[in-house]
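One-letter residues, chain by chain:
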Amino acid sequence: MDCSSFREALSARLDGEDEGLAPERVDRHLDGCASCRLWWERSTRLHRTMRLTEAPPVPDLSERIVTAAAPPRRERWAARVALAVVALAQSGLGVAQLLGVGAGHLAHSGQGAAHLGNESAAWNLAVGIGLLWASLRPASAGGQLPALTGFALVLAGVSAADLASGSVTTERVLTHGIMLAGLCLLFVVHRQSRTSGPAPTSESATPERVADDTARRLTLAHGRTAAPRDRLRRRPFARRRAA
């Protein structure tokens, strides 16, 4: 039997487990084998050191972390449902234009009047689909705001000019109210989707302060002079050697 079997038995003896061999046989081998005796002395010393070494005290931060953590976000359905209704109305307007319902929406004169009407219908339908998607996926509402806001501003100026010149009726301009209502609801849904709950009332309970306090306590426990975040700012070893 080689030394590895006896060393396994000695390792089990250190851990208080069954050695698997007769203790007398292991002791006789230990007395006659200098290599195993040296291994046993080192293993015993290491085992004793590990048992005497205590882990540094770590504060219990459970309460502070729970206090700092934001509560689960509550779903707000009112604005999303209203946005879905407006989206369906806007989509219906686009479909009606494509089907030729409502001549007022196709009252273009000159060459390409039919194509301009189709473009307007396609745009109204696309806006409706976008609003409906935002009502289902509130996180996507912010991506539609710049385009719709710019369109609303330009449309407001053009509509005011057309009303002043008498080239468009008031009823025609009022149909844009559906898109404006959708834009307002889109902004509300976007704001609600970014809300993550009330902020912690105490500055000392914020996650950043909790992390800093933990790092400081661990630094004092280990007797080090530099915090863990300071050690991350040091240059790579190769550059320090080159310098």
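Only a predicted model underlies this, so the values are computations on that prediction, with no experimental measurement involved.

Asks: Got a minute to help me understand the overall build of the protein in this structure?
Replies: Broken down by element type, the protein carries 12 helices and zero strands. When the helices and strands of the protein are read in sequence order from the N terminus, they spell out α-α-α-α-α-α-α-α-α-α-α-α. Taken across its 243 residues, the protein has 25% of its residues classed as buried. Long-range contacts, defined here as pairs at least 24 residues apart, represent 67% of the contacts in the protein between residues at least 6 apart. Only carbon and sulfur atoms are counted for the fraction: they give 59% of the accessible area of the protein, which is about 16700 Å².

Asks: For this particular structure, what's the right way to read the nonpolar core?
Replies: Across soluble globular proteins, you tend to see nonpolar side chains buried next to one another. One finds Leu83, Leu131, Leu148 and Leu186 to be the most contacted residues of the largest nonpolar core, which totals 17 residues. Of all hydrophobic cores here, the second largest spans eight residues; its members include Phe6, Ala9, Val26 and Cys33.

Asks: Got a minute to help me understand the packing of aromatic side chains in this structure?
Replies: The geometry of an aromatic ring pair comes down to the distance between the two centres and the angle between the two planes. With the rule as written, the count across this model stands at one aromatic pair. We note Arg13 situated over the ring of Trp40; from NZ or CZ to the ring centre the distance is 6.0 Å. Taking NZ or CZ as reference, Arg137 lies 5.7 Å from the ring centre of Trp133, over its face.

Asks: I keep staring at the packing of helix H7 (residues 141-165) against helix H9 (residues 177-194) and nothing clicks. Help me out?
Replies: The relative placement of two packed helices comes down to the angle between their axes together with the axis-to-axis distance. One way to put it is that H7 packs onto H9 with a least axis distance of 10 Å and a crossing angle of 150 degrees. The pairing of H7 with H9 is recorded here as roughly antiparallel in orientation. Every pair of crossing elements has a handedness; the one defined by H7 and H9 is left-handed. Two secondary-structure elements touch here, H7 through Ala141, Gly142, Gln144, Leu145, Leu148, Thr149, Phe151, Ala152 and Leu155 and H9 through Met179, Leu180, Leu183, Leu186, Phe187, Val189 and His190.

Asks: Looking at this model, I keep getting lost on the environment of Arg37. Mind explaining?
Replies: Inspection of the secondary structure puts Arg37 in helix H3 (residues 34-52). Taking C-alpha positions, Arg37 is 9.8 Å from Asp27, a pair spaced 10 residues apart along the chain. Every residue in contact with Arg37, bar those within four places of it in the chain, is listed here: Leu30, Asp31 and Gly32.

Asks: Hey, could you run me through the side chain of Glu19 in this one?
Replies: As for its position among the elements, Glu19 is in the loop between helix H1 (3-14) and helix H2 (23-32). Here the side chain of Glu19 touches Arg13 through a polar contact of 2.7 Å, side chain to side chain. The residues contacting Glu19, other than those within four sequence positions of it, are Ala9, Ala12, Arg13 and Val26.

Asks: Help me out: how do you make sense of the UniProt feature "domain: Putative zinc-finger" (unreviewed entry) in the protein in this one?
Replies: When the UniProt feature table is mapped onto this chain, "domain: Putative zinc-finger" (unreviewed entry) is found at residues 3-37. As a span, residues 3-37 carries 74% helix and 0% strand, and end to end its C-alpha atoms are 11 Å apart.

Asks: Please explain H2 as it appears in this structure.
Replies: Along an α-helix, a turn takes 3.6 residues, which lines up residues three or four apart on a common side. Among the residues of H2, Val26, His29 and Leu30 are the ones counted as buried. Relative to the axis of H2, the buried residues are bounded by an arc of 100 degrees and lie together on one face. Exposed residues on H2 whose side chains face more than 90 degrees from its buried face are Glu24, Arg28, Asp31 and Gly32.

Asks: Honestly, the pattern of salt bridges in this entry has me stumped. Any pointers?
Replies: Two side chains that carry opposite charge are able to pair once their charged atoms sit near each other. Enumeration over the complete set of coordinates arrives at two salt bridges. Here Arg13 makes a salt bridge to Glu19, at a shortest N to O gap of 2.7 Å. Accessibility expressed as a relative area gives 26% for Arg13, which makes it partly exposed. A salt bridge links Asp27 to Arg13; the shortest N-O distance between them is 3.0 Å. With a gap of 14 residues between them, Asp27 in helix H2 and Arg13 in helix H1 connect regions that are remote in the sequence. Several salt bridges converge on common partners, so that one network encompasses Arg13, Glu19 and Asp27.

Asks: Help me out: how do you make sense of a nonpolar patch on the surface in this one?
Replies: Residues Trp77, Val81 and Val85 make up a contiguous nonpolar surface patch of about 320 Å² in total accessible area. Mapped onto the elements, Val81 comes out in helix H5 (residues 78-98).

Asks: Even after reading the chapter, I still don't get the packing of H5 against H9, so can you show me in this structure?
Replies: It is the contact of H5 with H9, at a shortest axis distance of 9 Å, that shows an interaxial angle of 150 degrees. Our classification of the angle between H5 and H9 gives roughly antiparallel. The element H5 and its partner H9 pack so that their crossing is left-handed. Taking contact as the criterion, the partners of Ala79, Arg80, Ala82, Leu83, Val86, Ala89 and Gln90 in H5 are, on H9, Ile178, Met179, Ala181, Gly182, Leu185, Leu186, Val188, Val189 and Gln192.

Asks: Hey, could you run me through the environment of Cys36 in this one?
Replies: In this fold, Cys36 is placed in helix H3. Here the alpha-carbon distance between Cys36 and Ser4, two residues 32 residues apart in the chain, equals 9.0 Å. Aside from chain neighbours lying at most four places away, what touches Cys36 is Cys3, Arg7, His29 and Leu30.

Here is what the cut-offs are and how they apply
- Residues numbered from 1 in each chain as written.
- Predicted model: local features only at pLDDT ≥ 70, side-chain atom pairs only at ≥ 80, totals over all residues.
- Heavy atoms only, no water.
- Helix = DSSP H or I, 4+ residues; strand = E, 2+ residues; numbered from the N terminus.
- Buried < 20%, exposed > 50% of the residue type's maximum accessible area, 1.4 Å probe, protein only.
- Contact = heavy atoms within 4.5 Å.
- Areas by Shrake-Rupley, 256 points an atom, 1.4 Å probe, with all protein chains shown as cover.
- Core = buried A, V, L, I, M, F, W, Y, C linked by side-chain atoms within 4.5 Å.
- Phe/Tyr/Trp six-rings, centres within 6.5 Å; stacked < 30°, edge-to-face > 60°.
- Lys NZ or Arg CZ within 6 Å of the ring centre and 35° of its normal.
- Axes fitted to C-alpha atoms, helices over the stretch in contact; angles between N-to-C directions.
- Parallel < 35°, antiparallel > 145°, perpendicular 65-115°, else oblique.
- Left-handed = near helix turned anticlockwise from the far one by under 90°.
- Polar contact = N/O pair within 3.5 Å; in protein donor to acceptor, adjacent residues only side chain to side chain.
- UniProt positions renumbered as here; feature names shortened; annotations may be inferred.
- Arc of directions from axis to C-beta.
- Salt bridge = Lys/Arg side-chain N within 4 Å of Asp/Glu carboxyl O.
- Patch = residues over 30% accessible without salt bridge, like charges linked within 9 Å, V, L, I, M, F, W, Y side chains within 5 Å.

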